[in-house]
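Chain and residue survey
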Amino acid sequence: MEVAVENMPWGVMVILLPLAGALVCFLWPRRSVPLGLLGALGVVACVTGLCWQVVEQGAQRYTVGGWGAPLGIDLYADGLSLLMLMMTAVVGLGISIYSSGYFEHKTAVVFWPLWLFLWTALNALLLSADIFNLYVTLELLGLSAVALVALAGGADALTAAMRYLLVGLLGSLCYLLGVALLYHSFGSVDIAILAERMELSPAVWAAVGLMSAGLLLKTALFPLHFWLPPAHASAPVPVSALLSALVVMASFYILLRLWLEVFPPGAAAAGQLLGLLGATAVLWGGIQALRQTRLKLLIAYSTVAQMGYLFLAFPLGTSFAWKGALYLLLSHAMAKAAMFMAAGNILRFGGHDRIADLDRVAQRLPLTLAAFSLAGISIMGLPPSGGFIGKWMLLDAAFYRGQWWWALILIMGGLLTAAYVFKVVGYAFTQAEVTHEASRVPAGMEWTALVLALAAVLLGLFAPWPLALLDIGFPFSGGCAE
Amino acid sequence: MNSILLYALAGVGLFTLGLYALIVHAHLLRKILAINVMGSGVFLVLVSLGGRTPGASPDPVPHAMVITGIVVAVSATALALALMLRVQAKTGQTLLPEERLE
Amino acid sequence: MNWDSGLLLLILATSLVPGLVIFFLPEERVAIRTTLNMGGAVVKLVLVGVLIWGVLHGHQYETRLPLLPGGLDLVLHADAESVLFVTLSAVLWLVTTIYAIGYLEGSQHRSRFFGFFSLCVTATVGVALAGNMITFLVFYELLTLSTYPLIVHRGTEEARQAGRVYLRYTIAGGALLLVGTVWLYDVAGSFEFTHRGVVAGLDDADRTVLTAIFVLLIAGLGVKAALVPLHGWLPRAMVAPAPVSALLHAVAVVKAGAFGIVRVVDDVYGVEFAASLGVTGPLAVLAATTIVYGSLRALFQDNLKRRLAYSTVSQVSYIVLGVAVVGPIATVGGLVHLVHQGLMKITLFFCAGNLAETLGVHNISDMNGIGRRMPWTMAAFTIAALGMIGVPPLAGFVSKWYLGLGALDAGQDWVVFILAGSSLLNAGYFLPVLYATWFKAPPDAWPAERSYGRRETAWALLAPPLVTALLVVAAGLLASAPFSPLQWARFITTQEYAP
């Protein structure tokens, strides 16, 4: 039994299963909710199998269909992809459960195939071993995300989706041009081979610059963040959750692979610039979040700020800094999904998400407020939470490298975050009586938000294990400046 | 200057023209067309750089990439056009809010 | 997990688990909630008794949880200082729980209140048992998070405003503490609490950097310890219900800050090393300023709780002064005052709460003749107030005696003047109150009287202040008995100063 489990091509199944699920949901729309949930559970099972396989046997490489690179597609699972896959699986399961209660039938039949298709693209992206496959999966991810944003159907959502699509296509095309230049320079698109053959030349600088520009646009780093708040705020709540938690993560993941494996010298050169942009994002996003009057927009600007933290790892460059940034990413995914779900519960209950009028709603939803507060603790970086661990690691790296100004940014960002989180949480303690009709919120929706928020907090207590996972396979075990 | 380099530069030129048009023009259809032009520029670069030396048989890998890219571009354009029509139906305009004249 | 590593976790769990359960209890389940509260408090006290017995017999209690790879652990450790603080917390939690049950009878959101109340105690015990700076930091921030809902409990605009001010101060303080801790870790490689200080053992550390770290740490801790000018949140927080003010001012928040300062000076830097860095002098001046400033502001407050708040600002700095005056006797004075001030202040706040609940009296100008109406409450108040002034043989006298003696011993004669002046000011703001309550004629009607039959007030509100007042007397009279707070403080100090 163990041998069978260890030798199954889990990596391939992780991609095929949600794809099959999407097709099945499309073909049997009346059964899309149970089929979708089944698919989600199946993906979690496959990821668990993959986890076992990677932990036992080390990083895995699959050649799909038996045709290897360069004409075939290789899949590669090391510690980093595994951790991202696991995070996607957990958050994805949460979003699936939440969505089963959220959407009415008419929208649900369109949601489930698109969501499972997006999950397929995301899993494939995380397992890709060459930069062209990354382009394809990135495009698929973007297209399904756009369709999901437009699901809500209102004018705001449609224009936000249109803008998102144009921006996404622009980013991907810049990336593709970079791929073309890299292929021309080195004759391969495989990441491992590129890493070996890498030499500096103007073409390479241009390529990496183009690819980074495209990816930064997709990760919404300041000042290329303008498309994110409208898209994340006007989408339906589960879509906002998956956008903030998972989709922006994907382009950052590619950027990380690029800078760490393919082109390390670039990280040193552009590090301070990226750090500066990240710092601006942290401060700008925080200030904008504080000014918002609607809850979903506040959370969307919070995403802009949190993404900025990740880029502080670039100027620091130590393995500890990268791990800290990744841990922040991990905690952010859980916490941000929980926050959006909490906002969705409040919207469902009270019919609006105006922050100033939250007091009439908040007291009647203790589970939801608890979820929002716990998620807020992680986003603020207060102990005990995954966010605190990530913040600590980045602070430690900043002092280690003597670049104390990033520590200052981390602290100020934390203070701004506390300001806007407590602005919302403060409403839980008011004396206002409920003055209008309230709709029921399904228990599944409240509990999913709470469980994900708890996961973000628990990540603070069980950090060594996920961090140890990151050591499996390049780029964190050796090869990178300590 | 050999023909490969010429084609590649033309591709880059198309890319730049498309980028300019994307930023400057306000009408959504023009933006979509601009994206398509950019895409074509990238494909041109890929294909031309795939001809290793004039006369020898070209490298098939960039051709495969371009075919994949064309498929992706077609789907993306279809989605973009459908979305544009929906935007027009809902808002009566084919402009993004920040470009509108009011 | 054997007993030695599990006991500390159990002590934490006795308030964490009931707290989490209470959150989910419906408002009406009073009996279950009371049982959980009281049960948890009693079990905690018993376990702390076991802990004391164990520590005296040489057991090493330590729990480690790996927090980050590379050796950064969450460490719970029971040394003499932790035992002092833990015992105080456990005893006062029990007493305050009884009081809170009585005080909040019939009010809204009790499940929420007691849930956060228990979390607050868990955090305090965690602060006491922390074995290194990061564990301390984790529980310190948890304390902020669990006390905020208690301050805004009533939900009025004033409460929420006080909560906002509280957060501004404490989150900023926590950020400073975080920066100091990370920097310290970077420079020193470790920050386990060790006698004589872990920093003192470093060979080649830059003294400016160490001084900067010290300033950051003290600033972060000073917010909770209400060192001037970081004390602004404390008087505003008086809007909270009386059990909260009692807990915050006697045990949890301010003591956690002061305890942290003691830890930093004694166990992170080492008191002699800190003196050689030149940071203890400014710290002593800061403490002295706070002592005088707090007492001066207290003189001008008419609201009873606010007067007590400023008195706390002043009194907690005695502890800081005790460690900053580099000398064993002064340290004993400061440490023992941690316990004594806790006992005295909690009594005063319990009494203030009784006056507010039973008679609607909030201001000192309304307190004329109240001693006739509520003799037992005011008797407890009188004992505690006299203790604060430093009248022998009460507890406050013992601490001030040791502080003064220690200052002379360390050659810091000016401290004696500060102590004398502060005692005079204490007398200045307590004696008129006592005079008015006992010797002036009462008004015709009290602002909002509630009748309790023939008793002066509910049992649950009366018993706790009487018990703590008794402890104030006992701590003073029996100070030379074994296991008194004084002896414990001397035991701690010998470990720090002995060759």
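Keep in mind that what you see is a predicted model, and the values were worked out from it rather than measured. (Residues numbered from 1 in each chain as written. Chains lettered and ligands numbered in written order. Predicted model: local features only at pLDDT ≥ 70, side-chain atom pairs only at ≥ 80, totals over all residues. Heavy atoms only, no water.)

Glancing now at the overall build of chain A. A count of helices and strands for chain A gives 21 helices and two strands. In terms of C-alpha radius of gyration, chain A reaches 21 Å, essentially the compact-globule figure of 23 Å for 482 residues. Overall, the C-alpha framework of chain A stretches about 70 × 55 × 45 Å when taken along its three principal axes. A buried classification covers 67% of the 482 residues belonging to chain A. Across chain A, every contact between residues at least 6 apart in sequence was considered, and the portion connecting residues at least 24 apart equals 81%. Within the structure as shown, chain A displays about 15,100 Å² of accessible surface, and the carbon and sulfur contribution to it stands at 68%. Between the mean site of the 21 positive side-chain charges and the mean site of the 22 negative ones, chain A shows a separation of 12 Å. (Helix = DSSP H or I, 4+ residues; strand = E, 2+ residues; numbered from the N terminus. Rg over C-alpha atoms; globule rule 2.2 N^0.38 Å. Buried < 20%, exposed > 50% of the residue type's maximum accessible area, 1.4 Å probe, protein only. Contact = heavy atoms within 4.5 Å. Areas by Shrake-Rupley, 256 points an atom, 1.4 Å probe, with all protein chains shown as cover. Lys, Arg positive; Asp, Glu negative; His and termini not counted. Charge placed at Lys NZ, Arg CZ, Asp CG, Glu CD.)

Moving on to the overall build of chain B. Regarding its fold elements, chain B presents three helices and zero strands. Traced from its N-terminal end to its C-terminal end, chain B shows the element sequence α-α-α. For 102 residues, the compact-globule formula gives about 13 Å, and the C-alpha radius of gyration of chain B, at 17 Å, lies well above that figure. By principal-axis analysis of the C-alpha atoms, chain B measures approximately 55 × 25 × 10 Å. When the 102 residues of chain B are sorted by exposure, 39% land in the buried category. Contacts in chain B between residues far apart in sequence, at least 24 positions, make up 57% of those at least 6 positions apart. When the accessible surface of chain B is summed, it comes to about 5,600 Å², and 70% of that surface belongs to carbon and sulfur atoms. The centroid of the 6 positive side-chain charges in chain B is displaced by 7 Å from the centroid of its 4 negative side-chain charges.

For the rest of this paragraph, the subject is the packing of aromatic side chains. Applying the stated criterion across every chain yields a total of 36 aromatic pairs over all chains. For the pair Tyr-429 of chain C and Phe-430 of chain C, a centre-to-centre distance of 4.9 Å together with 50 degrees between the ring planes defines the contact as tilted. Grouping residues by exposure puts Tyr-429 of chain C and Phe-430 of chain C together as buried. In textbook terms, an aromatic cluster arises when at least three aromatic residues are bridged by ring pairs, as seen for Tyr-98, Tyr-102, Phe-103, Phe-111 and Trp-112 of chain A. Sitting above the plane of the Tyr-102 of chain A ring, Arg-348 of chain A keeps its charged end 5.0 Å from the centroid. The ring of Tyr-140 of chain C has Lys-224 of chain C sitting right over it, with the charged end atom 3.6 Å from the ring centre. (Phe/Tyr/Trp six-rings, centres within 6.5 Å; stacked < 30°, edge-to-face > 60°. Lys NZ or Arg CZ within 6 Å of the ring centre and 35° of its normal.)

So, about the pairing of strand β1 (residues 60-63) of chain A. Residues and elements named next belong to chain A. Of the two faces of β1, only the one carrying Gln-60 and Tyr-62 is buried; Arg-61 and Thr-63 on the other face are not. Bridge count for β1 against strand β2 (residues 74-77) is four bridges, and the pairing is antiparallel. Bridged to Gln-60 within β2 is Ala-77. (Pairing = 2+ DSSP bridges.)

Next up on the list: the interface of chain C and chain A. Facing the 34 residues of chain C at the interface are 32 residues of chain A. Buried area between chain C and chain A, both sides added, is near 2,900 Å², and the carbon and sulfur share of it is 79%. It is Leu-68, Leu-145 and Val-182 of chain C in chain C that bury the most area against chain A; as a group they hold 18% of the surface buried on that side. Linking chain C with chain A are zero salt bridges. Across the contact surface, chain C and chain A share zero residue pairs in polar contact (both at pLDDT 80 or more). (Buried area = accessible area lost by both parts, 1.4 Å probe. Salt bridge = Lys/Arg side-chain N within 4 Å of Asp/Glu carboxyl O. Polar contact = N/O pair within 3.5 Å; in protein donor to acceptor, adjacent residues only side chain to side chain.)

For the rest of this paragraph, the subject is the arrangement of the chains. Comparison of the two pairs of chains in contact shows the highest number of contacts for chains A and C. There is no contact between chain B and chain C; across them, the least C-alpha separation is 37 Å.

This paragraph deals with the packing of helix α6 (residues 157-188) of chain C against helix α7 (residues 207-224) of chain C. Residues and elements named next belong to chain C. For the pair α6 and α7, the least separation of the axes is 7 Å and the interaxial angle reads 150 degrees. By the angle between their axes, α6 is roughly antiparallel relative to α7. Here α6 runs over α7; the crossing is left-handed. Mapping the contact onto sequence places Tyr-166, Tyr-169, Thr-170, Gly-173, Leu-176, Leu-177, Val-179, Gly-180, Thr-181, Trp-183, Leu-184 and Val-187 in α6 and Val-209, Leu-210, Ala-212, Ile-213, Leu-216, Leu-217, Ala-219, Gly-220, Leu-221, Val-223 and Lys-224 in α7. Partitioned by chemical class, the residues of the contact of α6 with α7 number 17 nonpolar, five polar and one charged. (Axes fitted to C-alpha atoms, helices over the stretch in contact; angles between N-to-C directions. Parallel < 35°, antiparallel > 145°, perpendicular 65-115°, else oblique. Left-handed = near helix turned anticlockwise from the far one by under 90°. Nonpolar A, V, L, I, M, F, W, Y, C, P; charged D, E, K, R; others polar.)

Since one α-helical turn is 3.6 residues long, residues separated by three or four positions face the same way. Residues and elements named next belong to chain A. Given a rise of 1.5 Å per residue, 15 residues ought to cover 21 Å, and the 20 Å separating the end C-alpha atoms of helix α17 (residues 366-380) matches this to within 8%. Counting buried residues along α17, eleven of its 15 residues qualify, which places the element largely inside the surrounding structure. Among the residues trailing α17, Gly-381 stands out with phi positive, at a value near 80 degrees. (Expected span 1.5 Å × (residues − 1).)

Residues and elements named next belong to chain C. When you tally the buried positions in strand β2 (residues 72-77), you get six out of six residues, the bulk of the element. Burial of the side chains of β2 extends over both faces: Leu-72, Leu-74 and Leu-76 are buried on one face and Asp-73, Val-75 and His-77 on the other. When strand β1 (residues 62-68) meets β2, the two strands line up antiparallel, connected through six bridges. Note that in β2 the partner of Thr-63 across the bridge is Leu-76. The antiparallel hairpin formed by β1 and β2 contains three residues in its connecting segment, where Gly-70 sits at a positive phi of about 100 degrees.

Peptide bonds are mostly trans, and most non-glycine residues show a negative phi. Residues and elements named next belong to chain C. Cis geometry is found at the peptide bond from Val-228 to Pro-229, where omega equals 0 degrees. Positionally, Pro-229 belongs in the loop between α7 and α8 (233-236). The omega torsion of the bond from Pro-392 to Pro-393 falls at 0 degrees, within 30 degrees of zero and hence cis. Structurally, Pro-393 is set in the loop between α16 (375-389) and α17 (395-409). Of note, the phi angle at Ala-226 is positive, near 60 degrees, even though the residue is not glycine. Take Ala-226: it is sitting in the loop between α7 and α8.

Here we come to the interface of chain B and chain A. Facing 34 residues of chain B, the contacting portion of chain A comprises 28 residues. Taken over both partners, the interface formed by chain B and chain A buries close to 2,900 Å², and the fraction arising from carbon and sulfur atoms is 87%. Taken together, the connections running from chain B to chain A amount to zero salt bridges. Listing elements by their share of the side of chain B that touches chain A, those giving two or more residues are α1 (3-24), α2 (28-50) and α3 (60-91) of chain B. Looking at the side of chain B that touches chain A element by element, the count peaks at 15 residues for α3 of chain B. For the side of chain B that touches chain A, the per-class residue count stands at 24 nonpolar, four polar and six charged.

All right, on to the confidence of the model for chain B then. Summarising the model, chain B shows a mean pLDDT of 88, and 93% of its residues fall at 70 or more. Across the predicted assembly, pTM comes out at 0.91 and ipTM at 0.94. (pLDDT = per-residue confidence, 0-100.)

Looking now at a positive patch on the surface. All names here are of chain C. Residues Arg-168, Arg-236, Arg-297 and Arg-306 make up a contiguous surface patch of positive charge. Along the polypeptide, Arg-297 turns up in helix α12 (residues 280-299). On the basis of relative accessible area, Arg-297 is assigned to the partly exposed category, the value being 31%. (Patch = residues over 30% accessible without salt bridge, like charges linked within 9 Å, V, L, I, M, F, W, Y side chains within 5 Å.)

This brings us to the pattern of salt bridges. Tallied over the full model, the rule gives 14 salt bridges over all chains. When the shortest N-O distance is used, the salt bridge between Arg-294 of chain A and Asp-353 of chain A registers 3.0 Å. Linking Arg-294 of chain A in the loop between α12 (264-291) and α13 (295-310) with Asp-353 of chain A in the loop between α15 (319-350) and α16 (359-362), this pair joins segments that are 59 residues apart in sequence. Judged by its relative accessible area of 35%, Arg-294 of chain A falls in the partly exposed class. For Asp-353 of chain A, a relative accessible area of 6% gives the class buried. In this structure, the salt-bridge partner of Glu-192 of chain C is Arg-64 of chain C, at a minimum N-O distance of 3.1 Å. Of this pair, Glu-192 of chain C sits in the loop between α6 and α7 while Arg-64 of chain C is found in strand β1, placing the two residues 128 residues apart along the sequence. On the basis of relative accessibility, which here comes to 24%, the residue Glu-192 of chain C falls in the partly exposed class. Assessed through its relative accessible area of 39%, Arg-64 of chain C is described here as partly exposed.

Further remarks concern the environment of Ala-305 of chain A. All names here are of chain A. Tracing the backbone through its elements, the reader meets Ala-305 in helix α13. Under the relative-accessibility criterion, Ala-305 is labelled buried at 5%. Excluding residues that lie within four positions of it along the chain, Ala-305 makes contacts with Ala-281, Val-282, Gly-285 and Gly-286.

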